[in-house]
Amino acid sequence: MTYEEILCDANNLYAGYKASIKGSKWKESVQRFILNFLRYIFELQDDLINRTLTNGPVDEFELRERGKIRPITSIPVKDRIVRHVLCDELLIPKIRRKIIYDNCASLKGRGISMQRKRFEVHLRKYYKLYGNEGYILFGDFSKFYDNIIHEIAKKELLELFEDDEFIDWLLNVIFDGFKVDVSYMSDDEYASCLDEVFNKLEYRKIPKNKLTGEKFMEKSVNMGDQLSQAIGIYYPHRIDNYVKYVRGIKFYGRYSDDWYIMSPSKEELLDLLENIERIAREYGIHINMKKTRIVKISGTYKFLQIKYTLTESGKIMKRINPDRVYTMRRKLKKLAVKVENGEIPYENVEGMFKGWMGDFYKLMSRTQRKDLLELYEGLFNKTITIVKKKMIIKDRSQQESTQEVA
């Protein structure tokens, strides 16, 4: 089958529809779509075949994640279906074959837990070779998704599809929805906007009456969009390949915009950073020098919200960042209000909490665990017990659900 046939296939579109509504059936817009899903799917199929597809309206909001406020853009179910078929059936399988093993973000079977495990594997292997003498370079891309240049991203993705004409058309349609209205910019600002750091959070504060549609910047992709996640995995792959294959560095990993390199030589790390900056500039990626740092591998450092120390004996000491516990406490209080008001179902909260506890239970102190579990019980009128490494949550009807926590 051609790429066009795969994307226009009704079975694939139906599978994309099922994936698109998962976890969001409580939303009114999704419920309206469900009532007439067959008609909408065939309308979408016609739009793809006739190439009359357009982007639907979007909703914008902010999400606090890992201690950061992120600008999220939500797209309609119809657009999510197209993204699912494009990414699930075509793009992600191609990307998997091209990226390094230690790039774990936004991929099924990988994810943040695997990235943390790979970091620990690298610490152990490093210790066997060099002990706990040496350094780690921690790097961060500033406003990564906000500064992805459309022309470069489309070119990189099209190469995966041998410059297929249908994929070219579809990517142009999708990226047209990513364009940013920058009519408020002066001519000089507009001429250099692709080279400057763009901050979407600050952009959203600009009065709407200044966004007149006269100038558009073809940079930035929407967080919350599945295609954006795939782009985030692949966009800096030249940097990954340079470090891993050109320089032969074994102890390197990247999770979205966070990355690290371990080396016994600080001079080697400084040279690597200089060359990474050179490649990054070609892609419009800006390295956040405030967060990019070189630390002793024997010290205490944070990666993906976990604090690590490699001891002289080779033992890895790790603890959760206390800010993560505080953030979860605040999140639970807000979610309890939404559950009480009927805005979201309780089951969504329980699933989120069980998954979070499964990731962090062993990294918290006894006091942190006790206080967090007691807060959850009080907010949602539940009883929680841990039996044989299982979290058992009971409500008044004595129904149980379990989750492994250690």
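Above: the structure in question.
Here the structure is a predicted model, which means the values were calculated and not measured.

(A) Structural context of the pairing of strand β11 (residues 316-320). Strand direction decides the pairing type here: strand β10 (residues 306-310) and β11, joined by five bridges, are antiparallel. Paired with T309 across the bridge in β11 is M317. Linking two consecutive strands that pair antiparallel, namely β10 and β11, is a turn of five residues; a positive phi of about 95° is found at G314 within it.

(B) Focus on the sheet that holds strand β7 (residues 258-263). Taken together, the four strands give an open sheet; going across it, the order is β6-β7-β3-β8, and neighbouring strands pair in antiparallel fashion. Only two strands of the sheet have a single partner each, and these edge strands are β6 (252-255) and β8 (293-296). On average, adjacent strands in this sheet sit at an angle of 20° to one another, irrespective of strand direction. Taken together, the four bridges between strand β3 (residues 135-140) and β8 define a ladder with antiparallel strand orientation.

(C) A look at the state of the cysteines. Evaluated as defined, the whole model comprises zero disulfides. Distance from the sulfur of C104, which forms no disulfide, to the nearest cysteine sulfur (C87) is 18 Å.

(D) Representation of the pattern of salt bridges. Tallied over the entire structure, the rule returns 19 salt bridges. Here D187 ties to K215 by a salt bridge, and the two come within 3.0 Å at their closest N and O atoms. Note that D187 is positioned in helix α9 (residues 187-191) and K215 in the loop between α10 (200-203) and β5 (216-217), a separation of 28 residues in sequence. Under the relative-accessibility criterion, D187 is labelled exposed at 59%.

(E) Layout of helix α5 (residues 77-98). Between its terminal C-alpha atoms α5 stretches 29 Å, which fits the 32 Å expected from 22 residues at 1.5 Å a residue. Helix geometry: α5 is bent most strongly at C87, by close to 45°.

(F) Highlighting the nonpolar core. Counting 72 residues, the largest nonpolar core has I167, L227, Y235 and I261 as its most contacted members. If you tally residues by element for this core, the top one is α5, at ten residues. When residues no more than four places from it in sequence are discounted, the contact partners of L227 are R83, L86, C87, L91, L157, L171, I174, F175 and F178.

(G) Highlighting the packing of α5 against helix α11 (residues 226-234). Two elements in contact, α5 and α11, have axes separated by 10 Å at closest approach and are oriented at 10°. It follows that α5 is roughly parallel to α11 by the angle criterion. From α5, R83, H84, L86, C87, D88, L91, I92, I95 and K98 reach across to α11, where they touch Q226, L227, A230, I233 and Y234. Of the residues that constitute the contact of α5 with α11, the class distribution is nine nonpolar, two polar and three charged.

(H) Broad picture of the side chain of H122. One can find H122 in helix α6 (residues 112-130). Not counting residues within four places of it along the chain, the set of residues in contact with H122 comprises D102, K244, K250, F251, Y252, Y260 and M262.

Scoring rules and cut-offs
- Residues numbered from 1 in each chain as written.
- Predicted model: local features only at pLDDT ≥ 70, side-chain atom pairs only at ≥ 80, totals over all residues.
- Heavy atoms only, no water.
- Pairing = 2+ DSSP bridges.
- Helix = DSSP H or I, 4+ residues; strand = E, 2+ residues; numbered from the N terminus.
- Axes fitted to C-alpha atoms, helices over the stretch in contact; angles between N-to-C directions.
- Disulfide = S-S within 2.5 Å.
- Salt bridge = Lys/Arg side-chain N within 4 Å of Asp/Glu carboxyl O.
- Buried < 20%, exposed > 50% of the residue type's maximum accessible area, 1.4 Å probe, protein only.
- Expected span 1.5 Å × (residues − 1).
- Bend = angle between axes of the 7 residues up to and from the residue.
- Core = buried A, V, L, I, M, F, W, Y, C linked by side-chain atoms within 4.5 Å.
- Contact = heavy atoms within 4.5 Å.
- Parallel < 35°, antiparallel > 145°, perpendicular 65-115°, else oblique.
- Nonpolar A, V, L, I, M, F, W, Y, C, P; charged D, E, K, R; others polar.

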